[in-house]
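Next come the chains, spelled out residue by residue.
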Amino acid sequence: MLHFAFDVVWFALPVFVSQAEGVWIDRLLIIGLTLVPLWVVLLTRFRTGLWADSSSSLRNSDWRPAKLERRESETPEKLEDLGQVNPLLRWIIPVLGLVGIVVWLLSSEFAPLVPPIEIGRAEALATAERAFSERGIELSSEWSTLSTVEVPINQNDRFVFREGGKEAYAQLMGTYLGPPYWIIRSTRFEGDLVERAEEYEVQVAPDGHLMRFTHQLPESREGASLSEEEARELVEPFIEKNFGLQVSELKFISSEPRQLPNRKDWVFTFADQADYPLEEGEARISVGLSGATDLDGFRYVHVPEEWGRAERNRRTVSRIIAIVCSILLAFIMVAGAIAAVIRWSRHAFSTRAFFITLGVLFGIGVILRLNQLPSVLIRFSNAQPYNLQLAIALIGVVMGTLFLASTIALLSGMVHEWIGRNGNRSTPSQSAVIGLSLGALFAGLMTLNHRMEVQMTPEWPDLSSAAAVIPILATALSPLSGVIFQSVVLMLTVLAVRNLALRKPWAKYLPIPAFLLLALVVSGSGGPDDVVSWIIGGTVSGLILYGAYHWILRRDISVVPPLIGMMVTLSTLQQAILQAYPEALVGGIFAAFLILALSIVWMRRLSG
């Protein structure tokens, strides 16, 4: 009681020193609620009319836990056997799988919209070193050099792609639309806090040439305060040298001064109206001048304000859908994990599957995140100690990976026990052929469905592994966690729907809405580009899943890993063929081998 009152006093101090109007109400509420135990005693005294000691049975020392009867482990009943997969389907599905591969080949995009990254980290750092040397800049050992691959797809890309199509997008790519590039950041994490605001940033183009050099100065740094005419005399030669354009052929837009304590900075904006392929918007050049020495410029597409406002509204709806779908997906996982813990306590759980899944996912997750550490380090703030940020990042890697791996492992343990209790009647070879064929068919149909949707955003290759310490390792291991997660979620859904449909009369209508909801939630969790396309695509995917459930999955659940494995394999091979970075092809081939090996081994485990 005293500890509680002590906490209230300290937390309530701001209320009692405040002079705000009506604050006395808050003070009375705090006092009244804090003294609730006293009011209980006084109320009891009023009811009984006398003071008396409380019964010993109400004291903590008199409490004894009730003895629990030992319960025998529960053995859930086996469900009705739905029989084998129709023998005719076993002949038809492989043919449909071949059709799916043909459709996938015809519907997939194998020509990238952006130039591939042709160099690795070493070449990018060498380009940055040459840029420093050419400018006579020597950095001491206290400077840290960080690097990653930047994927600068933004509103400019969406505007050009939607208003001008692929032709206009290709025309502006690399000039007024930024390609993927290496970014080299040089900064300090020790020393005077104000001086640490100074940074260098070097952007290296996909082919290895210098794309942009930026020197960020502290706001208090001394420098010249030039007039507009004097500043423009420095800016115009910079434009002609770095962008190969004559200032006389450009349209002047604006000059914006920024008065700082010890200098004046300028930003000049020009429009390039030559060969601009769109009727709306403008190709613009922005050049910044700090004092009289540091110049930095870049090109971009100016998006009309009305179009940008509509785009923001559309993306707000997309983000809301993504949040709702992510919450629903998290709810499904958490609810499944809680059910798994309950079943574990009742000895209806596969601990072997749990620990294998946990070990595989945790190992892959930690390796991948440590391999991607350079992309984390470059985001560190130089206003905070480097070691502290590194420790927080590493702890976050371990805890986040462990939490996610544990959740999926719990679902896996429950699913494997469920399958082991009810079994499958197909042979491993039959399950493998059916699963791989279904995966190829699904991949073809979903790729075709995606191509028929309205594309609101240009599709870039997957560059997430390009900046890894060992890109081949990142490329090879990245898809495995997705295969495990998707397989477990699909098996959990199939088994839950099947068991309910067999036990509850009302649940016979559950499969169709369940698979429609699953498809919409999974596809919407990433944020759909277009709501109508998301609904149509999710509905089509849900109906395809229901068809697979009705004819195949509820009779042979072991086909799920090869089904998911084939879909992810084809997607991985498509990215490998694009060769968006030097290691993409080799890493993609390794990834395909690992995915199929994992799928087949897992399928055989389920069949056994």
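Rules used in this analysis
- For every chain, the first residue of its written sequence is number 1, and the numbers climb from 1 along that sequence.
- For this predicted model, a pLDDT threshold of at least 70 governs which residues receive local features, and a threshold of 80 or more governs which side-chain atom pairs are given and counted, while totals over whole chains, interfaces and linings are taken from all residues.
- Hydrogens and water molecules were not included; the side-chain quantities draw on all heavy atoms of the structure.
- Scored from 0 to 100, pLDDT records how confident the predictor is in each individual residue.
- Put simply, DSSP H or I for four residues or longer makes a helix, DSSP E for two residues or longer makes a strand, and each gets a number counted from the N terminus.
- In this description, contact between two residues means that some pair of their heavy atoms is separated by no more than 4.5 Å.
- Should DSSP find at least two bridges between two strands, the strands are regarded as paired.
- Axes, fitted as lines to C-alpha atoms, cover a helix only where it is in contact. Angles between the N-to-C directions of the axes lie from 0 to 180 degrees.
- Burial here depends on accessible area, computed with a 1.4 Å probe over protein chains only, as a share of the maximum for the residue type. Under 20% is buried, over 50% is exposed, and the range in between is partly exposed.

What follows concerns the confidence of the model for the chain. Looking at the chain as a whole, its pLDDT mean stands at 88, while 92% of the residues score no less than 70. Across the chain, strand β2 (residues 181-188) holds the top mean pLDDT of 96, while helix α1 (residues 2-17) sits lowest at 74. Across residues 71-77, confidence stays below pLDDT 50; counting only partners more than four residues off in sequence or on other chains, it has eight contacts.

Attention now moves to the sheet that holds strand β4 (residues 210-216). The strands making up a sheet are joined through hydrogen bonds of the backbone, oriented either antiparallel or parallel. Spatial strand order, β1-β2-β3-β4: four strands in an open sheet with antiparallel pairing. Only two strands of the sheet have a single neighbouring strand rather than two, namely β1 (143-150) and β4. Strand-to-strand twist of the sheet, defined as the mean angle between neighbouring strand axes without regard to direction, takes the value 15°. Two elements, strand β3 (residues 199-204) and β4, share six bridges in a ladder whose sense is antiparallel. By the bridge assignment, glutamate 201 is partnered in β4 with threonine 214. Sitting on the sheet, helix α5 (residues 121-134) is in contact with β1, β2, β3 and β4, with an inclination near 60° to β2.

Let us now look at the sheet that holds strand β6 (residues 263-272). The strand order β5-β6-β7-β8 describes an open sheet built from four strands, whose pairing is antiparallel. Across the chains shown, the open sheet's two edge strands, defined by having one partner strand only, are β5 (251-260) and β8 (294-302). Across the sheet, the mean angle from the axis of one strand to that of its neighbour is 15°, orientation sign disregarded.

Among the eight residues that make up β1, six are buried, leaving the element largely enclosed by the rest of the structure. Across eight bridges, β1 lies against β2 in antiparallel orientation. Directly across from valine 149, in β2, lies its bridge partner tryptophan 182.

Further remarks concern the pairing of β6. Two faces make up the sheet, and in a regular strand the side chains alternate between them. With eight of its 10 residues buried, β6 lies for the most part within the structure. Of the strand pairs in this sheet, β5 and β6 are connected by nine bridges, and their pairing is antiparallel. Note on β6: the bridge partner recorded for glutamate 256 is valine 267. If you look at the hairpin formed by β5 and β6, you'll find two residues sitting between the two strands. Both β6 and strand β7 (residues 282-290) contribute to a ladder of eight bridges, which runs antiparallel.

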